[in-house]
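For reference, the chains in residue letters:
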Amino acid sequence: MTELFSVGDPIADTKAPDGPVETRWDRRRFSAKLVNPANKRKLSVIVVGTGLAGGSAAATLGELGYRVRSYCYQDSPRRAHSIAAQGGINAAKNYRNDGDSVHRLFYDTVKGGDFRSRESNVHRLAQVSVEIIDQCVAQGVPFAREYGGLLDTRSFGGAQVSRTFYARGQTGQQLLLGAYQALERQVAAGTVEMFTRHEMLELIVVDGRARGIVVRDMVTGEISTDLADAVVLASGGYGNVFFLSTNAKGCNVTATWRAHRKGALFANPCYTQIHPTCIPVSGDHQSKLTLMSESLRNDGRVWVPKKAGDDRAAADIPEDERDYYLERIYPAFGNLVPRDIASRAAKNVCDEGRGVGPGGLGVYLDFADAIGRLGRKAVEAKYGNLFEMYERITGEDPYEVPMRIYPAVHYTMGGLWVDYDLQATIPGLFVIGEANFSDHGANRLGASALMQGLADGYFVLPNTIGDYLAAGPFEKLTADHPDVARTRSDVEDRIAKLLAVDGDRTVDSFHRELGRIMWEYCGMERTDAGLRKAIDLIRGLRDEFWQRVRVPGDGEGLNQSLERAGRVADFFELAELMCIDALHRTESCGGHFRAESQTPEGEAERDDENFSYVAAWEFTGTGDAPVLHKEDLIFEYVHPTQRSYK
Amino acid sequence: MKLTLRIWRQNGRADKGRMVSYQLDDVSPDMSFLEMLDVLNERLTLEGEEPVAFDHDCREGICGMCGMVINGVAHGPERATTTCQLHMRHFKDGDTIDIEPWRARAFPVVKDLVVDRSAFDSIIQAGGYVSAPTGSAPDAHATPVPKANADAAFEAAACIGCGACVAACPNGSGMLFTAAKITHLGLLPQGQPERSSRVVDMVAAHDDAGFGGCTNAGECTTVCPKGIPLTTIGRLNRDFLKASAKRSDNA
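Predicted model, so just to flag it, every value in this text is computed and none were measured. (Residues numbered from 1 in each chain as written. Chains lettered and ligands numbered in written order. Predicted model: local features only at pLDDT ≥ 70, side-chain atom pairs only at ≥ 80, totals over all residues. Heavy atoms only, no water.)

### What about the interface of chain B and chain A?
1) Next: Contact with chain B, which involves 77 residues of that partner, is made by 75 residues of chain A.
2) Next: For the pairing of chain B and chain A, the buried interface totals around 6,200 Å² over both sides, and the portion due to carbon and sulfur atoms is 53%.
3) Next: Of all residues in chain B, the largest losses of buried area upon contact with chain A belong to Thr134, His141 and Phe154 of chain B, amounting jointly to 12% of the total for that side.
4) Next: Linking chain B to chain A there are five salt bridges.
5) Next: With a shortest N-O distance of 2.8 Å, Lys288 of chain A and Glu60 of chain B are connected by a salt bridge.
6) Next: Mapped by element, the contributors of at least two residues to the side of chain B that touches chain A are helix 1 (33-46), strand 6 (109-111), strand 7 (114-115), helix 2 (118-125), helix 3 (147-157) and helix 5 (175-186) of chain B.
7) Next: Looking at which element gives the most residues to the side of chain B that touches chain A, the answer is helix 3 of chain B, with seven residues. (Contact = heavy atoms within 4.5 Å. Buried area = accessible area lost by both parts, 1.4 Å probe. Salt bridge = Lys/Arg side-chain N within 4 Å of Asp/Glu carboxyl O. Helix = DSSP H or I, 4+ residues; strand = E, 2+ residues; numbered from the N terminus.)

Following this line, the structure appears as structure tokens:
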């Protein structure tokens, strides 16, 4: 493996305060330098991305008095992909008096992350969660209410208390609109300048500090530079490396990957959450995957035929020829086992040839029992909108025939490495939300991503970035500074290069092929041989891309093929790093299952002895061996145990 | 399925634009409408033609980015459906389908089927928020909200800002969008202090952005993918009258 990477110095300082975990955040806030209000006006911050993390950060930094410039690739900041989150947002309010507390949320999240996250960060997240709900309610987010007018909550996977706040099945939408409205308020107030349909294509680093970005105006094609005292990346996750995922089509890795190439370490890239209840692929034309809420598994029973290759209709398969495999293997949790367990079990039965539907890549999620027990009306009241959505996409009526589901790529826990202050290894570069690696470990519990996005944007970053900016304003730069001009011309060259290939294959055809490689070898289950093969295939395909891709049109105006081509080019490089990370981690944990590391019963086997660390990778060149820096994880409060759901 | 597509092609704002016909022979009924366009674009790319530009992102019916007029109807023939959630099984083999961008004065065409909807953001900037700076919030349970109000506020807040209402309106009015936000915030106690100024300022921003006036034609709610009802406009009108009266009292 040594030819694929080398090991460098361990990460010595994460800036996490020591002492009692309950007081770390308070002490860090107190020790952080403050910026005089009159000086805040002189300091400028660029925020890339307008989802829950970026939108809330830009709004809050604007309120504080900094000069903020906010960028998104959509036509409005309201459309960032946080808007699609369905389930809810956790907070340790203990409104139910069911024994919840900040410590319990902290405990559940560290355990749920399979002991691969930082205790300090997770505790802060749990602490801040309480304030997030207050903030959102004050903004007018219409959370679900009880008849007495108080907030309703529900329980979610991985927790035994009811701490999930929600707004129907559209919690992400409502939280995002709250942040978006706060952002637009600052735009009106003149503290935030908003740039829509602009894509960040490069990070500008001068004298070792992040000082700006190069952007392309996606309507005019104009390439320009923007300079500031600090840069915040809130550009989301990279699940679209798999082509098919639950991410929006525009989600990409470019902002973080370009920063990685400039020196920011990329941590735990191989941790991908696969969600078990997704509508299966229906054909080669498929462009994205749609999630069915996990709540369906409360009443739906998952099964496949006992016999491989059984192509009878579901109704024609008698009860004793069905295998309710989750109930059989995991009698204690049954259909409600966590996401990683349910996903892998579905893969296993499909690999045995027992999958259902086109291509044999699906399992039944059957409501016949529930309809018999509760009546159709009751099932309709609980899940009606989900059933309708399913029927709309598949053309099948789930009241009559069982739904078909299959796992799909959903959320990436890896991202740019950040310290406790959410600062990357390049000073002045801050990374928040799904774009960083910090809080979810190797697995993300339901309803925790929205919590992290808003925690980072509303409460954490606005406090920590001040400590950095207190040393500013930094040396005044102009667009003709040699480093700035060079970064800008790099972007122009790259666009010219993409347009000049003029080959005979479309961008999407490459992206699909890359996605298939990643799903096959770096998806739900990974092996040493498979990952090595994937690395070879990715390298070959990347070379072919630069020789055969065809990008029609020019760089002078709206050119969606060109936009995609630049993103796919970065996905190729990331894909290779994901495989190297997955290869080196010869343990199974959370969203990373190595076939060589399992218990005799086929469950994931963690190796705390050798892998209780964050893997932070340093870029050395395209196709060159990256350098691994390890950050040891220390568990003082939540002691690692093996997870069991039997 | 074999289809004839007649698509609006317009190369930028200065271009006049025209309908162009394309034949597709291999459309699967399981495709979404946008996936059908993806297939067309793959083919155009290989044939050396420029693909059709169209806006889309989440493809789950929630981001509000997609939207085109299909056979004269915003978002196409299915009720309460965004274009990305419209599937080809609703069309017949041999159909001819007309595909055009949103057409409204306030939404200039950027290219082909892509329009500029930033006027919606300017309406929100005028007051579509509660002024609640971060960190200043009381405990979330300090103010109970009747469940019926919270539910009704949610119904209005479900607006995805796609602009179908504007495209369908004979006047090119954005009143349903504006009314949805005014209803959402007006039904919650948190939205009360700014209720009067909000409605006056948002309506003024709406008119300034070039949207036409509302004449209760009702086309907007017919095409709204989220079923925002016409009653929200009634609520806007009542709030607007009250606020205007109050304002002239104070003058």
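### So, the nonpolar core
1) Next: One finds Ile89, Phe143, Leu203, Leu233, Leu429 and Met518 of chain A to be the most contacted residues of the largest nonpolar core, which totals 238 residues.
2) Next: Element by element, the count of residues in this core is highest for helix 16 (residues 560-584) of chain A, at 14 residues.
3) Next: Mapped onto the domain boundaries, this core takes at least three residues apiece from domain 1 (3-110) and domain 2 (117-250) of chain B.
4) Next: Not counting residues within four places of it along the chain, the set of residues in contact with Met518 of chain A comprises Val241, Phe242, Gly523, Ile538, Ala575, Met578 and Cys579 of chain A. (Core = buried A, V, L, I, M, F, W, Y, C linked by side-chain atoms within 4.5 Å. Buried < 20%, exposed > 50% of the residue type's maximum accessible area, 1.4 Å probe, protein only. Domains from an automatic or database assignment.)

### A look at the packing of aromatic side chains
To describe a pair of aromatic rings, one takes the distance between the centres and the angle between the planes.
Residues and elements named next belong to chain A.
1) Next: Applying the stated criterion across every chain, the model contains 27 aromatic pairs over all chains.
2) Next: For the pair Tyr95 and Phe165, a centre-to-centre distance of 6.0 Å together with 80° between the ring planes defines the contact as edge-to-face. Separated by 70 residues along the polypeptide, Tyr95 in the loop between strand 4 (89-90) and helix 4 (102-112) and Phe165 in strand 5 (residues 164-165) bring together distant segments of the chain.
3) Next: Arranged with centres 5.3 Å apart and planes meeting at 80°, the rings of Phe510 and Phe545 form a pair that is edge-to-face. Of the two residues, Phe510 sits in helix 14 (residues 507-522) while Phe545 sits in helix 15 (residues 528-548), which places them 35 residues apart along the sequence.
4) Next: Residue classification places Phe510 among the buried residues on the basis of a relative accessible area of 0%.
5) Next: We classify Phe545 as buried; its relative accessible area is 0%.
6) Next: Within the aromatic cluster, the residues linked to one another by ring pairs are Tyr238, Trp257, Phe266 and Phe619.
7) Next: It is Arg301 that lies over the ring of Tyr324; its NZ or CZ is 3.8 Å from the centre. (Phe/Tyr/Trp six-rings, centres within 6.5 Å; stacked < 30°, edge-to-face > 60°. Lys NZ or Arg CZ within 6 Å of the ring centre and 35° of its normal.)

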